[in-house]
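Survey of secondary and tertiary structure
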Amino acid sequence: MKKHNKIQSAQYGFLFQTVCILSLVLIVLLFGSCEKDNASENPVGENPIPDEQVASGILFSSDKNGHNELYRLQDETETLLLSDPNYDYWWPKVSPDKSKMLVYRSEVNPDKNHDNYQEAELLLVDIDGKNEQVVIEKGKHGWTGQGVSRWNKDGTKILMIAEQVVLEGKQWRMVTTDAQGNNPKNLSDWWIIDPNFSIDNSQVVFMAFPDNTLSFDLSELELHSADYDGANGSISNITRLTTNFTRDHDPSFSPNGKQIVFSAGNVAYTNVDITVYDVESNEESKLVDDTGSNGGSMCWSLDGKEVYFHSLNLTQHPFQIKKVNINSDEVTTLLASTPQDFGYFHPEAY
């Protein structure tokens, strides 16, 4: 998860006489130091991050106007960031320095208003929704689909999946590119979906079929981990972490690296729970267990106490944005919808 860009104020213990000239000099030096610190903590963007962008918020998509638009929820106020009647926007991911975000867009399709991997192109956009730039257009690198992008910890690489034509046909591969979507590198020849970095980037977690034995039974998808070599662009020591009878998706490490949250559902993905895997005990437990379909691009709160997700209940409401307390299992609805209402997708807390 992303950390707030804070400038720590120093406490000065100097004793000096109350001379106006010296006081003014001290104030100038102090503010000059603050400005320098702001400029140095911005590896992805070229400019210092404005103060109004430092405060945390939640990015999400909504189809309230008939096509998927990107919004920010901050201090209970919704702000429209990206909108085009020709496109759906989905899956926002904020850069480590919070100056930019990745987001997918695809041509509007009433039957598939988010996660249209085969029609997707990846954008790099300023955090305020300005300077929209296509970094991986549809078909680039010979890919027939792309999705689920993630940043590495210093904002120099993007982790994602890409559908590629191989000897066996079209298969999903785990790929990294640079921050501009160039220099693609396949990390493995396994069929892999939903990859994500560990907090220190020493590992990746993902969903795959055990031993890479492909199956039409999606309940055989299991959580795996592997050691990640960023220098050589490869993984090693692929390890199966779970053995269950659920269709598993979208793993995400907690800020302290001790837990991995993921969604676990039936094959049709109509009843999906939120599950937590404990890295130390190697055990999994239910965090949200109801009749809804819960998951999406799940993310943790900055303090690691809550998990944000989207939730669908076909008999009650379209997609909503919710959060669950990791200790009490208490679920709170942040963005509500009714059966006659529009939906909310893919929260990104930052």
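These remarks concern the structure in this document. Residue indices begin from 1 for each chain and proceed along its sequence in written order. Residues qualify for local features only when their pLDDT is at least 70, as the model is predicted, and side-chain atom pairs are given and counted only at 80 or more; totals for whole chains, interfaces and linings, by contrast, use all residues. Each side-chain value is derived from all of the structure's non-hydrogen atoms; neither hydrogens nor water enter the calculation.

Quick look at the overall build of the chain
- Helix and strand counts for the chain come out as 1 helix and 24 strands.
- Contacts are residue-level and defined by heavy atoms, with any inter-residue pair within 4.5 Å sufficient. Within the chain, counting contacts between residues at least 6 apart in sequence, those at least 24 apart form 43% of the total.
- Reported accessibility uses the Shrake-Rupley method at a 1.4 Å probe radius. Residues are deemed covered only where the shown protein chains occlude them. Accessible area for the chain stands at about 17,000 Å²; split by element, carbon and sulfur atoms hold 49% of it. Runs of H or I in DSSP of at least four residues are treated as helices and runs of E of at least two as strands, each being numbered from the N terminus.

With respect to the pattern of salt bridges
- Salt bridge, as used here: a side-chain nitrogen of Lys or Arg that lies within 4 Å of a carboxyl oxygen of Asp or Glu. Following the criterion strictly, the structure yields 9 salt bridges and no others.
- One salt bridge in this structure joins Glu348 and Lys93, with 3.3 Å as the shortest N-O distance. Of this pair, Glu348 sits in strand E24 (residues 344-349) while Lys93 is found in strand E4 (residues 87-94), placing the two residues 255 residues apart along the sequence.
- Here Lys93 falls in the buried class, since its relative accessible area comes to 3%. Whether a residue is buried, partly exposed or exposed follows from its accessible area with a 1.4 Å probe, protein chains only, as a fraction of its type maximum: under 20%, in between, or over 50%, in that order.

Side note on the sheet that holds strand E3 (residues 77-82)
- In this description, strands pair whenever DSSP reports at least two bridges between them. Pairing in this open sheet of 4 strands is antiparallel, and the strands run E3-E2-E1-E24 from one edge to the other. Strand pairing shows two members of the sheet lacking a second neighbour, E3 and E24, which therefore form its edges. Looking at each pair of strands side by side, their axes are set apart by 30° on average, direction ignored. Each axis is a line fitted through C-alpha atoms, taken for helices only over the stretch in contact, and angles between the N-to-C directions span 0 to 180 degrees.

Thoughts on the sheet that holds strand E13 (residues 203-208)
- With antiparallel pairing, the 4 strands of this open sheet are ordered in space as E12-E13-E14-E15. Both edges of this open sheet fall to strand E12 (193-197) and strand E15 (234-240), since each of them pairs with a single strand only. The mean angle between the axes of side-by-side strands here comes to 25°, regardless of whether they run parallel or antiparallel.
- With 3 bridges connecting them, E12 and E13 associate as antiparallel partners. Paired with Ile193 across the bridge in E13 is Met207.

Quick notes on the packing of aromatic side chains
- Note on ring pairs: Phe, Tyr and Trp rings are taken, using the six-membered ring of Trp, and paired if centres are within 6.5 Å. Classes follow the plane angle, with under 30 degrees stacked, over 60 edge-to-face and the rest tilted. Under the definition given, this model contains 9 aromatic pairs.
- Of the aromatic side chains, those joined through ring pairs into one cluster are Phe60, Tyr71, Phe342 and Tyr344.
- The rule for a charge over a ring is simple: NZ of Lys or CZ of Arg within 6 Å of the ring centre, and within 35 degrees of the ring normal. Its guanidinium or amino end placed over the ring of Tyr87, Arg105 lies 4.0 Å from that ring's centre, counting from NZ or CZ.
- The side chain of Arg247 reaches across the aromatic face of Tyr269, ending 4.7 Å from its centre.

Topic: the nonpolar core
- The set of buried Ala, Val, Leu, Ile, Met, Phe, Trp, Tyr and Cys residues whose side-chain atoms join them within 4.5 Å is what this entry labels a nonpolar core. Counting residues in hydrophobic clusters, the biggest one holds 31 residues, and the most contacted among them are Tyr104, Leu122, Met160, Ile193 and Leu223.
- The leading source of residues in this core is strand E9 (residues 157-166), at 4 residues.
- When sequence neighbours within four positions are dropped, the list of residues in contact with Leu122 reads Leu102, Val103, Tyr104, Gln133, Val134, Val135, Ile136, Gln146, Ser149, Ile158 and Met160.
- The next biggest cluster of nonpolar side chains, apart from the first, holds 13 residues, and it includes Leu70, Leu81, Val94 and Leu123.

Looking at unusual backbone geometry
- Even without a glycine there, the phi angle at Asp75 is positive, about 55°.
- Of note, Asp75 is situated in the loop between strand E2 (69-74) and E3.
- For Asn237, which is not glycine, the phi dihedral falls at a positive 55°.
- Among the secondary structure elements, Asn237 is positioned in strand E15.

Looking at the pairing of E4
- Here E4 lies mainly inside the structure; 8 of its 8 residues are buried.
- As paired elements, E4 and strand E5 (residues 100-107) share 6 bridges and run antiparallel to each other. Within E5, the position partnered with Trp90 by the bridge is Tyr104.
- Connecting E4 to the next strand, E5, in antiparallel fashion are 5 residues, including Lys98 with a positive phi near 65°.

Observations regarding the environment of Asn237
- Assessed through its relative accessible area of 53%, Asn237 is described here as exposed.
- Discounting chain neighbours no more than four positions away, the residues touching Asn237 are Ser225, Ala226 and Asp227.
- The term polar contact refers here to a pair of N or O atoms within 3.5 Å; inside protein, the definition further demands a hydrogen-donor-capable atom paired with an acceptor-capable atom, and it admits residues adjacent in sequence only when both atoms are side-chain atoms. A polar atom in the side chain of Asn237 sits 2.7 Å from the side chain of Asp227.

With respect to the side chain of Gln74
- Examined against the element boundaries, Gln74 turns out to sit in strand E2.
- Judged by its relative accessible area of 15%, Gln74 falls in the buried class.
- At a separation of 3.3 Å, a polar atom in the side chain of Gln74 contacts the side chain of Arg72.

Regarding the environment of His224
- Examined against the element boundaries, His224 turns out to sit in strand E14 (residues 222-229).
- Residue classification places His224 among the buried positions, given a relative accessible area of 1%.
- Each C-alpha atom, one on His224 and one on Arg240, is 4.4 Å from the other, the two residues being 16 residues apart in sequence.
- With residues near it in sequence (within four places) discarded, His224 still touches Trp190, Val204, Val205, Phe206, Ala208, Phe209, Pro210, Ile238, Thr239, Arg240 and Leu241.
- Within polar-contact distance, the side chain of His224 engages the backbone oxygen of Glu222 at 2.9 Å.

Brief notes about the pairing of E5
- Counting buried positions along E5 gives 6 out of 8 residues, so the element sits mostly inside the fold.
- Bridge count for E5 against strand E6 (residues 121-126) is 6 bridges, and the pairing is antiparallel. In the sheet register, Arg105 faces E6, and the bridge partner there is Glu121.

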